[in-house]
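# Summary of the model geometry
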Amino acid sequence: MSILSISLFLITIFVSVKSLPNAELPAFREAPAFRNGRECLKKTWPSSLNNLNHHDPSMIHIAMTLDATYLRGSVAGVLSVLQHAACPENIVFHFIATHRRADLRRTMTTTFPYLSFHLYHFNTDLVRGKISSSIRRALDQPLNYARIYLADLLPFTVRRIIYFDSDLIVVDDVAKLWNINLGAHVLGAPEYCHVNFTYYFNSRFWSSPVYGTSFTGRRACYFNTGVMVIDLRKWREGKYTEKLEYWMRVQKKNRIYELGSLPPFLLVFAGDVEGVGA
């Protein structure tokens, strides 16, 4: 599936803030009000989670993690989505955070007064004992694994979600990504089949008669888990959170890879992804 080159659609940025746990969060200027074009359907998405009792097909749902360290990147990412959207008032953000939620909510509210968003608590106990050390410390942070639990965190009335990493700038209308046809697939993402796939697992994995055949019969390709369109209904029905957790437990016991939350996604989905920008 090719809607446009992913390299033109998204730009990865690296913006972090080295701050103490209780340090002041960065201050941002108030963003302008982004309004819908005339062609946009009228939104009916409620402002309160307590009123989420219906599905609104006119709304686009985007999930991102939110924390103090990468807050500047997140704010830039949200702004880029709104700037390039034809129907910005029909976008709902679902932010996931572990700490300082009141401060983060205040920052997003004052920076984007007109933004429709909800903020969810990610309970780090969900991944306690399942995370193994990786080649980069940032990959070991519990919030890096929150994307595995989107189907549990978000209301059941959210049937599809776009997940963006917090270091992405969008340079086109996100509706193009939202409207891709997933077909029978659970998720869509940028695929890179020219990448050496063996790099993502160690020799213990490939030499194992049990694990080494995991990709047999699949045209397994690397895909970018920082940009995903997910059918949450299919995810829930297929119990994909449990399937990803299985490989996390295998990793904890046998150490078959070195790269954080990416390899479990490859083990479960590689070869069964709707390619975006391919």
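Report on the accompanying structure. Keep in mind the model is a prediction, meaning the values are calculated, not measured.

## Looking at the overall build of the protein
Of the regular secondary structure elements, the protein holds 9 helices and 11 strands. By the burial criterion, 54% of the 278 residues in the protein qualify as buried. For the protein, the share of sequence-separated contacts (at least 6 apart) that also reach a separation of at least 24 residues comes to 79%. Looking at the protein as shown, the accessible area adds up to about 13,600 Å², and 51% of this sits on carbon and sulfur atoms.

## As for the packing of aromatic side chains
The full count for this structure, using the stated rule, is 23 aromatic pairs. Through pairs of rings, three or more aromatic residues link up here, namely Tyr-192, Phe-197, Tyr-199, Tyr-200, Phe-201, Phe-205, Trp-206, Phe-215, Tyr-222 and Tyr-257. Between Arg-236 and the ring centre of Phe-156, over which it is positioned, the NZ or CZ distance is 4.4 Å.

## Details of the nonpolar core
Counting residues in hydrophobic clusters, the biggest one holds 49 residues, and the most contacted among them are Leu-187, Phe-201, Phe-223, Trp-235 and Phe-269. Looking at this core, the elements that each hand over two or more residues are helix 4 (150-153), strand 5 (160-164), strand 7 (187-189), strand 9 (222-223), strand 10 (227-231), helix 7 (232-238), helix 8 (240-254) and helix 9 (262-269). Residue contacts for Phe-269: discarding those within four places in its chain leaves Val-186, Leu-187, Arg-218, Phe-223, Trp-235, Tyr-240 and Leu-244. Ranked by size, the runner-up nonpolar core spans 36 residues in total, among them Ala-31, Met-108, Ala-175 and Val-227.

## Re the state of the cysteines
The final tally for this structure, using the stated rule, is 2 disulfides. The residue that forms a disulfide with Cys-40 is Cys-87, at a sulfur-sulfur distance of 2.0 Å. Taking the torsion about the S-S bond as the criterion, the Cys-40 to Cys-87 disulfide, at about -90°, is left-handed. Of the two residues, Cys-40 sits in the loop between strand 1 (10-12) and strand 2 (60-65) while Cys-87 sits in the loop between helix 2 (71-84) and strand 3 (91-97), which places them 47 residues apart along the sequence.

## Here we look at helix 2
Taking 1.5 Å of rise per residue, the 14 residues of helix 2 would be expected to cover 20 Å, and the 20 Å separating its terminal C-alpha atoms lies within 8% of that figure. Residues of helix 2 that are buried in the fold lie against strand 2, strand 3, helix 3 (101-111), strand 5 and strand 6 (168-170).

## What to know about the pairing of strand 4 (residues 116-121)
The buried count for strand 4 comes to 5 of 6 residues, which makes it a mostly enclosed element. Strand direction decides the pairing type here: strand 3 and strand 4, joined by 6 bridges, are parallel. When the sheet's bridge partners are listed, His-94 is paired in strand 4 with His-118. In this region the chain leaves strand 3, passes through helix 3 and returns to the parallel neighbour strand 4; the handedness of that crossover is right-handed.

## Some remarks on the packing of helix 8 against helix 9
Closest axis-to-axis distance for the helix 8/helix 9 pair is 9 Å, and the angle between their directions is 120°. On the basis of the axis angle, helix 8 is oblique to helix 9. Remark: the crossing between helix 8 and helix 9 carries right-handed chirality. Touching Tyr-240, Lys-243, Leu-244, Trp-247 and Met-248 of helix 8 are Pro-264, Phe-265, Leu-267, Val-268 and Phe-269, all from helix 9. Residues belonging to the contact of helix 8 with helix 9 are distributed by class as follows: 9 nonpolar, no polar and 1 charged.

## Section: the sheet that holds strand 3
Spatially, 4-3-2-5-10-7-11 is the arrangement adopted by the 7 strands of the open sheet, whose pairing is mixed. Since the sheet does not close on itself, it has two edges, and those belong to strand 4 and strand 11 (274-275), each with one partner. Judged from the 2 bridges that link them, strand 2 and strand 5 form a sheet pairing that is parallel. Bridge pairing in strand 5 places Ile-62 opposite Ile-162. Together, strand 3 and strand 4 form the strand contacts of helix 3, whose direction differs from that of strand 4 by roughly 170°.

## Digging into the pairing of strand 5
For strand 5, a buried count of 5 out of 5 residues is recorded, marking the element as mostly surrounded by other parts of the structure. Taken together, the 5 bridges between strand 5 and strand 10 define a ladder with antiparallel strand orientation. Pairing of Ile-162 across the sheet is with Val-229, part of strand 10.

## Notes on the side chain of Asp-172
Position of Asp-172 among the secondary structure elements: in the loop between strand 6 and helix 5 (175-178). Engagement of the side chain of Asp-172 in a polar contact is seen with the side chain of Lys-176, the distance being 3.1 Å.

Calculation rules
- Residues numbered from 1 in each chain as written.
- Predicted model: local features only at pLDDT ≥ 70, side-chain atom pairs only at ≥ 80, totals over all residues.
- Heavy atoms only, no water.
- Helix = DSSP H or I, 4+ residues; strand = E, 2+ residues; numbered from the N terminus.
- Buried < 20%, exposed > 50% of the residue type's maximum accessible area, 1.4 Å probe, protein only.
- Contact = heavy atoms within 4.5 Å.
- Areas by Shrake-Rupley, 256 points an atom, 1.4 Å probe, with all protein chains shown as cover.
- Phe/Tyr/Trp six-rings, centres within 6.5 Å; stacked < 30°, edge-to-face > 60°.
- Lys NZ or Arg CZ within 6 Å of the ring centre and 35° of its normal.
- Core = buried A, V, L, I, M, F, W, Y, C linked by side-chain atoms within 4.5 Å.
- Disulfide = S-S within 2.5 Å.
- Expected span 1.5 Å × (residues − 1).
- Pairing = 2+ DSSP bridges.
- Right-handed = clockwise from strand over helix to strand, strands pointing away.
- Axes fitted to C-alpha atoms, helices over the stretch in contact; angles between N-to-C directions.
- Parallel < 35°, antiparallel > 145°, perpendicular 65-115°, else oblique.
- Left-handed = near helix turned anticlockwise from the far one by under 90°.
- Nonpolar A, V, L, I, M, F, W, Y, C, P; charged D, E, K, R; others polar.
- Polar contact = N/O pair within 3.5 Å; in protein donor to acceptor, adjacent residues only side chain to side chain.

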